[in-house]
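One letter stands for each residue in the lines below.
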Amino acid sequence: LDGAVKYNRVMLKISGEALMGDLGYGLHPPTVERVAREIKAVHDLGVEICMVIGGGNIFRGLQGSAQGMERTTADYMGMLATVMNALAMQAALESLGVFTRVISAIPMDQVCEPYIRRRAVRHLEKKRVCIFAAGTGNPYFTTDTAAALRASEMACEAIFMGKNVDGIYDSDPKINPDAKRYDDISYDDVLQRNLKVMDASAIALCRDNRMPLVVFALSEPGGFQGIMAGRGTYTIVH
Ligand code: UDP
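Residues numbered from 1 in each chain as written. Predicted model: local features only at pLDDT ≥ 70, side-chain atom pairs only at ≥ 80, totals over all residues.

(A) Structural view of the overall build of the protein chain. The helix and strand inventory of the protein chain stands at eight helices and nine strands. Along the longest, intermediate and shortest principal axes, the C-alpha atoms of the protein chain span 45 × 45 × 35 Å. The buried share among the 238 residues of the protein chain stands at 45%. (Helix = DSSP H or I, 4+ residues; strand = E, 2+ residues; numbered from the N terminus. Buried ≥ 20, exposed ≤ 12 C-beta atoms within 10 Å, placed from the backbone.)

(B) Molecular detail of the packing of helix 1 (residues 29–43) against helix 3 (residues 71–95). Viewed as axis vectors pointing N to C, helix 1 and helix 3 meet at an angle of 60°, and their least axial separation amounts to 9 Å. Between helix 1 and helix 3, the angle is such that the two are oblique. Here helix 1 runs over helix 3; the crossing is right-handed. Here helix 1 contributes Val32, Glu33, Ala36, Ile39 and Lys40 to the contact with helix 3, which in turn contributes Ala88, Met89, Ala92 and Leu93. Of the residues assigned to the contact of helix 1 with helix 3, the class counts are seven nonpolar, no polar and two charged. (Axes fitted to C-alpha atoms, helices over the stretch in contact; angles between N-to-C directions. Parallel < 35°, antiparallel > 145°, perpendicular 65-115°, else oblique. Left-handed = near helix turned anticlockwise from the far one by under 90°. Contact = placed C-beta atoms within 7 Å. Nonpolar A, V, L, I, M, F, W, Y, C, P; charged D, E, K, R; others polar.)

(C) Geometry of unusual backbone geometry. Positive phi, close to 65°, is recorded for Ala134, a residue that is not glycine. By secondary structure assignment, the location of Ala134 is in the loop between strand 5 (129–133) and helix 5 (143–153). The phi dihedral of Arg210 falls on the positive side, at around 50°, and the residue is not glycine. Along the chain, Arg210 turns up in the loop between helix 7 (200–208) and strand 8 (213–217).

(D) Focus on the packing of helix 5 against helix 7. Orientation of helix 5 relative to helix 7, taken along the N-to-C sense of each, is 10°, at an axis distance of 8 Å. Taken together, the axes of helix 5 and helix 7 are roughly parallel relative to one another. Contacts between helix 5 and helix 7 pair Asp144, Thr145, Ala147, Ala148 and Leu149 from the former with Ser201, Ala202, Leu205 and Cys206 from the latter. Its residues placed into classes, the contact of helix 5 with helix 7 shows six nonpolar, two polar and one charged.

(E) A look at the site of the ligand. Close to the ligand lie 24 residues, the nearest being Gly54, Gly56, Gly61, Gly78 and Gly135. Where the shell around the ligand is concerned, the elements lending two or more residues are helix 2 (61–66), helix 3 and helix 5. For the shell around the ligand, the leading source of residues is helix 3, giving five residues. Class assignment for the residues of the shell around the ligand results in six nonpolar, 14 polar and four charged. (Near = placed C-beta within 6 Å.)

Set out below in structure tokens:
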């Protein structure tokens, strides 16, 4: 059925940079609001939404360890950065009237909820957008692995990776004008061709749990809503 919503429960993964706008660092409030509106449009369709937001707009563990900081310490700083982004997204969604919960893998009770799987599921059933923060709670992982893990735990039907480009290309479309977009591709091909979609452990987790991955342009207005109805261009990994 064209136009009908094809999903009941989804995971939306965005990088921290998606909230940065044209700034070189941090949060750009109009951009956060624009992304929140895209999410609200999908929420209004009745879709249950999980979210994982990266932290790269504020801090990346690898950056810190390159500057001589111990890797684990730097990674914890990166996880804290994701909590800041999650709180910003929560504020933006709630100002649009969408109820949310920020759920952290690292307990910080005054700030947000700790992660308790069954409680998170209940929030989703009550149509609250669940923003999973602090990644997996472990150093040496990324928010991509967190998205793959939580999507499986929450029994999401697919992970939607909101990017600046409308899918996975065989080479960088910003550099190569002849780059070709894949309509669909297997996890193994993504790994073998070393395509930059998610890090390898996240891809492997998706593959092992048969979690489809949809890469689409969140930068396209109405893009997320369109993808929910099977419109627009995207790449599906399965
Ligand atoms: N991080 C971590 N464990 C996790 C998730 C994240 O240690 O489970 C740290 C890691 O240092 C990472 C940073 O948090 O560099 C920010 O996350 P990520 O790089 O995935 O953000 P994105 O690139 O998506 O903005």
